[in-house]
Amino acid sequence: MEQFSAYLQSEQLINILQAAIMLAAGLLLASLASRGVQKLVTRNFSQHHAVLFKRLVYWLVLALFFASALRQLGFSLGVLLGAAGVLSVAIGFASQTSASNLISGLFLIGEKPFQLGDVIKVGNTTGEVLSIDLLSVKLRTFDNLYVRIPNESLIKTEMTNLTRFPIRRFDLMIGVAYKENISRVRQVLQQVADANPLSLDEPAPLFIFNGFADSSLSIQFSVWTKRENFRDLRNSIQEEVKMAFDKAGIEIPFPQRTVVFGQNSAPFTVNTVAEGKAPAAQGE
């Protein structure tokens, strides 16, 4: 009992308790400081910048209290910093890819090609931006998959931001029969755009006669809409164009091929054979 009382009064136990109190205080202050910085930064910066500042402040404050706790336990900070420096060099050589992603992440933060909530397309992947970190960007695809893209890939690869601007244009490629009147086709398409509530009057719909294709007259009809209505417009206007063409008697042809034999080729006969019977042999 006396030994236990002596241990409770020993300097070592007091140092351990003080270090534990410092760590607890560090966790509390880091959380409060990061939340305060996020609210302050949100007023002047974008949301993903605020998240990055929040994380930076949280780990910085926590690291300071952790170092103080180690010092309270008797560890030499000089030795720890020296070991951290050697470890950092070793990790740097071993993880050059991570360093490249880190530098690329800094470029992305400065360039700001997209923000949280934007929909981007990288290669064959399209999804909503969930987070922008120093090493990677996390996306949620439209079929609810979680995709992690390294920052280095975003710097090296072509990236398309589908929601950067408030309006988008849908390009509908149509082929009509050669017998159709182009002016009449233009009038029918314009009526479809005017009747669609998702189509914008300004910018006005665009009609382009692209030329003469193999089996049809090639036409591009482009309609503008708000970005949040793009998918609904794409689905509705194609159906409305098909219904309007059917009502107006405008033909949408399919590819046709004509097989022509040489003048000296003898005619040939095509016979249909009932199932289970062998075809009869025919001479030339």
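Quick caveat, the model's predicted, so the values are computed rather than measured.

So, how was this worked out
Residues numbered from 1 in each chain as written. Predicted model: local features only at pLDDT ≥ 70, side-chain atom pairs only at ≥ 80, totals over all residues. Heavy atoms only, no water. Pairing = 2+ DSSP bridges. Helix = DSSP H or I, 4+ residues; strand = E, 2+ residues; numbered from the N terminus. Axes fitted to C-alpha atoms, helices over the stretch in contact; angles between N-to-C directions. Expected span 1.5 Å × (residues − 1). Buried < 20%, exposed > 50% of the residue type's maximum accessible area, 1.4 Å probe, protein only. Arc of directions from axis to C-beta. Contact = heavy atoms within 4.5 Å. 1 Å grid on protein atoms, 1.4 Å probe; cavity = no way out; pocket = protein on both sides within 12 Å on 5 of 7 lines; lining within 4 Å. Points joined across faces, edges and corners; volume = space filled by probe spheres on them. Nonpolar A, V, L, I, M, F, W, Y, C, P; charged D, E, K, R; others polar. Salt bridge = Lys/Arg side-chain N within 4 Å of Asp/Glu carboxyl O. Polar contact = N/O pair within 3.5 Å; in protein donor to acceptor, adjacent residues only side chain to side chain.

What links the strands of a sheet is backbone hydrogen bonding, and the strands pair in either a parallel or an antiparallel sense. Taken in spatial order, the 3 strands make up an open sheet running β6-β8-β7, and their pairing is antiparallel. Each having just a single partner strand, β6 (167-176) and β7 (206-212) make up the two edges of the open sheet. Each neighbouring strand pair of the sheet contributes to a mean axis angle of 20°, computed without reference to strand direction. In terms of strand pairing, β6 meets strand β8 (residues 217-226) through 10 bridges, oriented antiparallel.

This paragraph deals with helix α8 (residues 230-248). End to end, α8 covers 26 Å across 19 residues, agreeing with the expected 27 Å (1.5 Å per residue, within 8%). Buried residues of α8: F230, L233, I237, V241, A244 and F245, and no others. Within α8, the buried residues cover an arc of 95° as seen down the axis, which keeps them to one side. Facing away from the buried side of α8, by more than 90 degrees, are the exposed residues E239, M243 and K247. Residues of α8 that are buried make contact with β6, α7 (182-195) and β8.

A volume near 280 Å³ is recorded for the largest pocket. Along its surface, the largest pocket is lined by V119, T126, F142, L162, T163, R168, R227, E228, F230, R231 and R234. Of all the elements, α8 adds the most residues to the lining of the largest pocket, at 3 residues. Taken together, the residues that form the lining of the largest pocket break down as 4 nonpolar, 2 polar and 5 charged.

This model, assessed by the stated rule, comprises 6 salt bridges. A salt bridge links D246 to K242, with the nearest nitrogen and oxygen atoms 2.6 Å apart. Remark: K242 and D246 occur in helix α8; sequence separation between them is 4 residues, near one turn of the helix. Classification of D246 by relative accessible area gives partly exposed; the value is 48%.

For α7, spanning 14 residues, the distance from its first C-alpha to its last is 20 Å, which sits close to the expected 20 Å at 1.5 Å a residue. V185, V188, L189, V192 and A193 are the residues of α7 that are buried. Looking down the long axis of α7, one finds its buried residues gathered within 140° of arc, a one-sided arrangement. Exposed residues on α7 whose side chains face more than 90 degrees from its buried face are S183, D194 and A195. Along its buried surface, α7 packs onto β6, β7, β8 and α8. A side-chain oxygen of the first residue of α7 lies 2.9 Å from the backbone nitrogen of S183; this N-cap is N181.

By themselves these figures say nothing about function.
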